[in-house]
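Here is how the chains run, residue by residue.
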Amino acid sequence: AKVCEAVVGGDEVISSAKPSSRCGGVAWADDPRGARVTLRLAQVAPSVDRVILALAFLGNGPRGPADASSLRNGRVTVSAGGQAVATYDVAVGEGNHRALCLLEVYRK
């Protein structure tokens, strides 16, 4: 299931249908290799001190509600200035979790 959302300020969700937060600090884009979420902390309200990237599984799969067991491959790459600074693979098909927290970014 390809469903991604981001919540900004507790009440704002971005996705392919609404690709940018009101402040423009969080943006969504479909990419041939997967979804791309861009975070521009300078544009995010100073009151937001933590951003969480989560993958939620919505709807139903062939054996019932969609969950992490339907994940076939995944990778999270953190880039800065066009260079990858961290990359990790998401475990394939593990568990029946309805959501996975993939990354937390904290403002200093």
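Above: the structure in question.
Description of the structure in this document. Not measured: the values here are computed from a predicted model.

1. Remarks on the environment of Gly34
Here's step 1: Within the secondary structure layout, Gly34 lies in strand S4 (residues 34-39).
Here's step 2: Here Gly34 falls in the partly exposed class, since its relative accessible area comes to 23%.
Here's step 3: Expressed as a C-alpha distance, the spacing of Gly34 and Gly74, which sit 40 residues apart in the sequence, is 8.7 Å.

2. As for the nonpolar core
Here's step 1: Among the nonpolar cores identified, the biggest contains nine residues, and these are Leu55, Phe57, Ala66, Ala68, Leu71, Val76, Val90, Leu100 and Leu102.
Here's step 2: Within the second largest apolar cluster, six residues are counted, among which are Ile14, Trp28, Val44 and Val51.

3. Description of the pairing of strand S8 (residues 75-80)
Look at any regular strand and the pattern is simple: side chains alternate between the two faces of the sheet.
Here's step 1: Pairing geometry for S8 and strand S9 (residues 83-89), over six bridges, is antiparallel. Each residue of the ladder has a partner; that of Val78, found in S9, is Ala86.
Here's step 2: The turn linking S8 back onto S9 is made up of two residues, and Gly81 within it adopts a positive phi angle of 60°.

Quick notes on the rules
- Residues numbered from 1 in each chain as written.
- Predicted model: local features only at pLDDT ≥ 70, side-chain atom pairs only at ≥ 80, totals over all residues.
- Heavy atoms only, no water.
- Helix = DSSP H or I, 4+ residues; strand = E, 2+ residues; numbered from the N terminus.
- Buried < 20%, exposed > 50% of the residue type's maximum accessible area, 1.4 Å probe, protein only.
- Core = buried A, V, L, I, M, F, W, Y, C linked by side-chain atoms within 4.5 Å.
- Pairing = 2+ DSSP bridges.

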